[in-house]
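# An overview of the molecular structure
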Protein chains: 2
Amino acid sequence: MKKIVVIGGGTGNFAVLKGLKNYDVDLSAIVSMADDGGSTGILRDELGVLPPGDVRQCLVALSDSSRLMRSLINYRFENGGLGGHSFGNLLLSALEKVTGSFEKAVEETGKILNIKGKVIPVTTHQVRLKMILNNRRILEGESEIYLSKEIDQGYKSIYLEPYPKANPHALNEIANADLIVVGPGGLHTSLIPNLLVEGLVDGLRGSQAKKTFVVNLMNRKGQTTGFRVSHYLSEINRFVGEDIFDYILVNNQKPSQKLIDVYAEEGDLVENDLQDERVLLAPLLGELKEQQSVDFLKRNLIRHDPKKLAHELMKIVNHL
Amino acid sequence: MKKIVVIGGGTGNFAVLKGLKNYDVDLSAIVSMADDGGSTGILRDELGVLPPGDVRQCLVALSDSSRLMRSLINYRFENGGLGGHSFGNLLLSALEKVTGSFEKAVEETGKILNIKGKVIPVTTHQVRLKMILNNRRILEGESEIYLSKEIDQGYKSIYLEPYPKANPHALNEIANADLIVVGPGGLHTSLIPNLLVEGLVDGLRGSQAKKTFVVNLMNRKGQTTGFRVSHYLSEINRFVGEDIFDYILVNNQKPSQKLIDVYAEEGDLVENDLQDERVLLAPLLGELKEQQSVDFLKRNLIRHDPKKLAHELMKIVNHL
């Protein structure tokens, strides 16, 4: 069975994992540990736990349990001292406290959710993501970086503090992978934070796996405004130190002009500017259901379709 | 298989259920819904859910799952907005929100905990327990009644507000029971609140089941100070309207004087004053482990032993 390792965090991973879990592959998700916003941030501050949010999303993506169980894990309390906390975050944090290990907590939650595959934190150290902008302003924490509209003005550095060692289990997955998928996901908040962990880049460079970069559909205003595929690639490669990708998977399906207009305040469409045989163009857009157009956040209006993504990735796997 | 229905709430039920679950019987716990203290009270106030605390304890008592899972359910968050909440309470409340039904939440939690038997809320209506003392003071809520030291001065009435209908599933269990066990447990805060639900007393009186009253080991200072077995019995029967019990199970094992002294500020020993053939005397004390003498609350120092309790109750069952 082919081993696929997906690297990311946040909602970006979700579609890849959800799509691939229906195929007969050995699937692992390596997840960034930089999240410090919302419910996750409060739990980190108040309980001293590792960030559960991104891990939770990957667990749900890989879950084969009932709809009820998935709804429970994603349920957010609405009022009082619990307000804003997702139940899955509380489960992971309580399990971390009871077992004394975040990895064990992830494993046990995986059992409860009957997941296919594994979810592995990229590091098990407590870290904060920081960024020094060109104007010398320091952005403290992933959520501050996520909300900044100044990043496209350039930054001097981005780093994790303290500089953490990689989780050996993550390195092991990378070393034994047949295919490594990086992205989609927030460039500075989900993808790069994985590469900032000591040993991760060496692991990627040393792995015999084929490597695929799944490029985002949309830019994020003030962060990657006007980025084209080459910008995403060079930004990743800047941290890896060389161009490691064998395939670059790019969407070529244009959303309706109406959707692009609605999305405009969030960001613009990522256009392909690469004439490179590694670039695989495919229609990857998720279909918009009527109800979702009302319920969903704008930034979820244009998103990858799990089935289409998995279909293209499996074409690559089947040629390995 | 004989059907045993245990009526109570709080920690009192725990020993009975934990003991009986190891026997080949059809076991149900009917649980008071008056709890409004601590984590449970906050969840009721902030989320509008039904009280999870007593139900959680019964679920854990009946659980056949791993020690880890039971530790998780009993885990209490220590800091911040979550401080004081038990994870099991949050699970029940989140499931109530997701399913829209407290009973469904209890059922699903029972599956997660792999329980033997059933846990059934005595009512599924939101109620508050109230008590009017002889001095006309009104105690509002179970936790206020629990903490009062004036109850042994007498009270005019105790009632649930609003007056709730019994859960039909609870009535059904009672109607089909072979043995009904009432107690042990807080007289005014765990046992009587079940009897205050519309239809419950009629159900008890109409049921062909044999009925056993398990008398508390210790009185609670300011609440049942100086009560003997006959006082417990007459207090229960005052609400039932007739003497329904076929057996009255009373501990005859005296704790060490040292323990009685330590416990003195919590309450005194319940002495038997009944010369009644229904009274079954048996040694029912839990053994005190060295470690527990430090860790446990004083009121837990003298408590029923699940095995001894179940052994005596099964003698009754085997004679049915």
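Up top is the structure.
Please read these numbers as outputs of a predicted model, since none were measured by experiment.

## Structural notes on the overall build of chain A
On a plain count of helices and strands, chain A comes out with 14 helices and 10 strands. Over its C-alpha trace chain A gives a radius of gyration of 18 Å, about what one expects of a compact globule, namely 20 Å for 320 residues. A total of 320 residues make up chain A; the buried ones form 56% of that total. Chain A carries 38 positive and 40 negative side-chain charges, and their two centres are separated by 2 Å.

## Comments concerning empty space enclosed by the protein
This structure, assessed with the given rule, holds 1 cavity of 30 Å³ or more. If you trace the largest cavity, you find it lined by M69, L72, I73, F87, L91 and I112 of chain A together with M69, L72, I73, F87, L91 and I112 of chain B. Mapped onto the lining of the largest cavity, the elements with two or more residues apiece are α4 (67-74) and α5 (87-99) of chain A together with α4 (67-74) and α5 (87-99) of chain B. Class assignment for the residues of the lining of the largest cavity results in 12 nonpolar, no polar and no charged.

## What to know about the sheet that holds strand β6 (residues 155-161) of chain B
Backbone hydrogen bonds hold the strands of a sheet together, and the pairing may be parallel or antiparallel. All names here are of chain B. Pairing within the open sheet is antiparallel, and its 3 strands lie in the order β5-β4-β6. Taken across any chain shown, the strands that pair with only one partner, and hence form the sheet edges, are β5 (138-140) and β6. Taken over all neighbouring pairs, the strand axes of this sheet differ in orientation by 15° on average, direction set aside. With 6 bridges connecting them, strand β4 (residues 128-133) and β6 associate as antiparallel partners. Along β6, the bridge assignment pairs R128 with E161.

## Focus: unusual backbone geometry
Between G183 of chain A and the following residue, P184 of chain A, the backbone shows a cis peptide bond with an omega angle of -5°. Of note, P184 of chain A is situated in the loop between β7 (179-182) and α9 (187-195). The linkage connecting E161 of chain B with the following residue, P162 of chain B, adopts the cis geometry, with an omega of -10°. Tracing the backbone shows P162 of chain B in the loop between β6 and α8 (168-175). The backbone of R136 of chain B sits at a positive phi, close to 70°, despite the residue not being glycine. Its place among the elements puts R136 of chain B in the loop between β4 and β5. According to the relative accessible area criterion, R136 of chain B is exposed, its value standing at 67%.

## Quick notes on the environment of V317 of chain B
Residue placement: V317 of chain B occurs in helix α14 (residues 306-318). When the C-alpha atoms of V317 of chain B and G241 of chain B are compared, they prove to be 25 Å apart, with 76 residues separating the residues in sequence.

## Re the sheet that holds strand β3 (residues 118-121) of chain B
Residue and element names in this part refer to chain B. With parallel pairing, 7 strands are arranged side by side in an open sheet as β3-β2-β1-β7-β8-β9-β10. Since the sheet does not close on itself, it has two edges, and those belong to β3 and β10 (279-282), each with one partner. Going across the sheet, the axis of each strand differs from the next one's by a mean of 20°, ignoring polarity. Sheet topology places strand β2 (residues 26-31) next to β3; 4 bridges connect them, and they run parallel.

## Details of the interface of chain B and chain A
Taken residue by residue, the interface counts 25 residues in chain B and 24 residues in chain A. The junction of chain B with chain A conceals about 2200 Å² of combined surface from both sides, 83% of it contributed by carbon and sulfur atoms. Where chain B meets chain A, there are 2 residue pairs in polar contact (both at pLDDT 80 or more). Contributions of two or more residues to the side of chain B that touches chain A are made by α2 (38-47), α4, α5 and α6 (102-112) of chain B. Broken down by element, the side of chain B that touches chain A gets its largest block of residues, 9 residues, from α5 of chain B. A breakdown of the residues in the side of chain B that touches chain A according to their chemical character gives 15 nonpolar, 7 polar and 3 charged.

## Observations regarding the side chain of N237 of chain B
All names here are of chain B. Among the secondary structure elements, N237 is positioned in helix α11 (residues 229-240). According to the relative accessible area criterion, N237 is buried, its value standing at 11%. Aside from chain neighbours lying at most four places away, what touches N237 is E242, D243, I244 and F245.

## Examining the packing of aromatic side chains
Evaluated as defined, the whole model comprises 7 aromatic pairs over all chains. With a centroid separation of 5.3 Å and 35° between ring planes, the pair formed by F87 of chain A and F87 of chain B is classed as tilted. Within this pair, whereas F87 of chain A is found in helix α5, its partner F87 of chain B is found in helix α5, the two belonging to separate chains. Classification of F87 of chain A as buried rests on a relative accessible area of 1%.

Parameters and conventions
- Residues numbered from 1 in each chain as written.
- Chains lettered and ligands numbered in written order.
- Predicted model: local features only at pLDDT ≥ 70, side-chain atom pairs only at ≥ 80, totals over all residues.
- Heavy atoms only, no water.
- Helix = DSSP H or I, 4+ residues; strand = E, 2+ residues; numbered from the N terminus.
- Rg over C-alpha atoms; globule rule 2.2 N^0.38 Å.
- Buried < 20%, exposed > 50% of the residue type's maximum accessible area, 1.4 Å probe, protein only.
- Lys, Arg positive; Asp, Glu negative; His and termini not counted.
- Charge placed at Lys NZ, Arg CZ, Asp CG, Glu CD.
- 1 Å grid on protein atoms, 1.4 Å probe; cavity = no way out; pocket = protein on both sides within 12 Å on 5 of 7 lines; lining within 4 Å.
- Points joined across faces, edges and corners; volume = space filled by probe spheres on them.
- Nonpolar A, V, L, I, M, F, W, Y, C, P; charged D, E, K, R; others polar.
- Pairing = 2+ DSSP bridges.
- Axes fitted to C-alpha atoms, helices over the stretch in contact; angles between N-to-C directions.
- Contact = heavy atoms within 4.5 Å.
- Buried area = accessible area lost by both parts, 1.4 Å probe.
- Polar contact = N/O pair within 3.5 Å; in protein donor to acceptor, adjacent residues only side chain to side chain.
- Phe/Tyr/Trp six-rings, centres within 6.5 Å; stacked < 30°, edge-to-face > 60°.

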